[in-house]
Amino acid sequence: MPSRRLLLRVTTSGALALGVVALGGCRIQLEQDAQIPFITRTLMPDESALLTAYRQVSELAALAARTNSPDAAVIAARHTRQRAVLEQLLRDGGVPDDVMTRALGVAASTSGTAATPGATGVAVGSTAASTSAGTTSAGPMRPDDLATAELALVAPERVRALADVGPARGILAAITVHGAATGIRLGGTASWPADPTTPVLDQGTATSVLTALAGLGYVIDLAAARTAGDSRSTLVALAARVRDRERRLKAVSPAGLAVSPYGFRSPAAVTDATTGHAAVQTALADLIDATLNPVAGLPVGSPALPPLLRAAVESLVDATAYGQSMPTFPGMTP
């Protein structure tokens with residue numbers, strides 16, 4: 001199973017190892033206040049998709065800040081961090097402040113900071129969010145309203161749009177998986193499309209993900225053998241979900257692909273319930289990485305994206321239910 005975790009680093013030079021801000025050739029880029037006729041600004045790669053995500057996480061941060069839930073503050077903080085990373089990416093890509101402001105749908109304040117817009121693009125109870133960052137202009141939201149807004153990130157049309165994204169797909173997929181898992185943890189239910197009826201995963205991706213799933217199943221069985229009572233029942237139920245996920249992904253893998261049932265290792269020695277719990281947590285985290293790692297390299301429009309996203313979301317829900325903290329950028333940060 002993979003053990004290395006991909007780390008997202010946003011530096012002052014904007015050197016993010018996603019290729020998002022790489023611009024080829026000798027193209028002209030204007031200063032934000034330049035007024036030279038007949039010269040237009042060169043768009044950064046995936047600029048529209050990044051601006052859309054910038055608006056979405058800003059709106060979700062505002063909604064979470066208004067939600068009557070014990071987890072609302074930490075959810076709002078994660079979305080605020082996502083917004084900050086996207087804003088840095090956009091700035092490093094040469095996107096002017098006024099373009100980012102227009103993406104939010106509001107006028108910039110005199111300090112140059114844009115307020116968070118109102119509508120999320122989905123029905124959220126009977127009240128639209130109309131808050132600015134850190135302020136509240138409406139009553140509290142219910143957790144299921146926030147869940148609905150979070151799960152809108154995996155609406156079919158948004159998943160199709162994500163498949164068409166280029167170098168920014170990795171970071172946008174991480175935000176999408178975070179939102180869907182958060183919505184499910186809040187009590188919402190995702191509406192997943194039917195799985196493809198033909199193989200869509202390439203051999204390398206299928207082997208990596210299925211090996212991680214089989215390895216997780218082995219670690220769960222090992223932990224369950226050293227655990228008693230309700231905790232063992234929880235592990236048995238987790239094992240059943242993992243093996244169902246494994247069957248679904250095998251169905252969209254190349255025909256005849258087989259993962260050896262031998263040679264798996266636990267990430268830590270499992271001698272009792274406590275060490276078993278820790279080993280399962282680590283194996284779950286490694287599975288999320290293994291599932292999301294191939295996403296950035298998929299061809300544009302790949303039908304492999306939806307089943308990988310679903311598997312990553314379901315694994316993240318399991319991981320957080322089992323005690324792992326929700327990562328801000330699943331597959332990219334701890």
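The present account deals with the structure reproduced in this document. (Residues numbered from 1 in each chain as written. Predicted model: local features only at pLDDT ≥ 70, side-chain atom pairs only at ≥ 80, totals over all residues. Heavy atoms only, no water.)

### Observations concerning the packing of helix α1 (residues 47–65) against helix α4 (residues 143–151)
Formally: Whenever a helix is involved, its axis is fitted only over the stretch in contact; in every case the axis is a line through C-alpha atoms, and angles between N-to-C directions fall within 0 to 180 degrees. Helix and strand assignments follow DSSP, with helices taken as H or I runs no shorter than four residues and strands as E runs no shorter than two, numbered in order from the N terminus. Any angle between 65 and 115 degrees counts as roughly perpendicular, while under 35 counts as roughly parallel, over 145 as roughly antiparallel, and the rest as oblique. Whether two residues are in contact is decided by their heavy atoms: any pair within 4.5 Å suffices.
Taken N-terminus to C-terminus, the directions of α1 and α4 make an angle of 170°; their axes are 10 Å apart at the nearest point. Taken together, the axis directions place α1 and α4 in an arrangement best described as roughly antiparallel. For the pair formed by α1 and α4, the contact residues are Leu60, Leu63 and Ala64 on the first element and Leu146, Ala149 and Glu150 on the second.

### Structural notes on unusual backbone geometry
Going by this rule: To sort residues, take the accessible area from a 1.4 Å probe on protein chains only and compare it with the maximum for the residue type: under 20% means buried, over 50% means exposed, and anything in between is partly exposed.
In this structure, Asp46 takes a positive phi of about 60° despite not being glycine. Structurally, the position occupied by Asp46 is in the segment before α1. Given the relative accessible area of 19%, Asp46 is considered buried.

### A word on the nonpolar core
Formally: Residues grouped as a nonpolar core are buried Ala, Val, Leu, Ile, Met, Phe, Trp, Tyr and Cys residues, joined through side-chain atoms within 4.5 Å.
In terms of nonpolar packing, the biggest core is built from 74 residues, with Leu50, Leu86, Ile171, Leu172 and Val280 touching the most fellow members. No other element matches the 10 residues that helix α7 (residues 203–225) contributes to this core. If near-sequence neighbours (up to four positions away) are discounted, Leu172 is found in contact with Ala49, Leu50, Ala53, Leu86, Leu162 and Val165.

### Notes on the packing of helix α2 (residues 72–92) against helix α6 (residues 169–185)
Each pair of packed helices can be described by the angle between their axes along with the distance between the axes. Formally: The sense of a crossing depends on the near helix, which, turned anticlockwise from the far helix by less than a right angle, makes the crossing left-handed and, turned clockwise, makes it right-handed. All residues other than Ala, Val, Leu, Ile, Met, Phe, Trp, Tyr, Cys, Pro, Asp, Glu, Lys and Arg, Gly among them, are scored as polar; the first ten of these are nonpolar and the last four charged.
Where α2 contacts α6, the two axes come as close as 12 Å, and the packing angle between them is 165°. On the basis of the axis angle, α2 is roughly antiparallel to α6. At the point where α2 passes α6, the crossing takes the left-handed sense. Contact with α2, carried on its side by Ile75, Arg78, His79, Gln82, Val85, Leu86 and Leu89, involves Ile171, Leu172, Ile175, His178 and Thr182 of α6 and no other residues of that element. For the contact of α2 with α6, the residue count by class is seven nonpolar, four polar and one charged.

### Side note on the pattern of salt bridges
Formally: Note on definitions: salt bridges are taken to be side-chain nitrogens of Lys or Arg within 4 Å of carboxyl oxygens of Asp or Glu.
Overall, the coordinates contain 17 salt bridges when judged by the stated rule. Note that Arg243 is salt-bridged to Asp221, the shortest N-O span being 2.8 Å. With Arg243 in helix α8 (residues 229–251) and Asp221 in helix α7, the pair connects residues that are 22 residues apart, well separated along the chain. On the basis of relative accessibility, which here comes to 31%, the residue Arg243 falls in the partly exposed class. According to the relative accessible area criterion, Asp221 is partly exposed, its value standing at 40%. Residue Glu314 is joined to Arg245 by a salt bridge in which the shortest nitrogen-to-oxygen separation is 3.3 Å. Taken together, the residues Glu314 in helix α10 (residues 305–321) and Arg245 in helix α8 connect sequence positions 69 residues apart.

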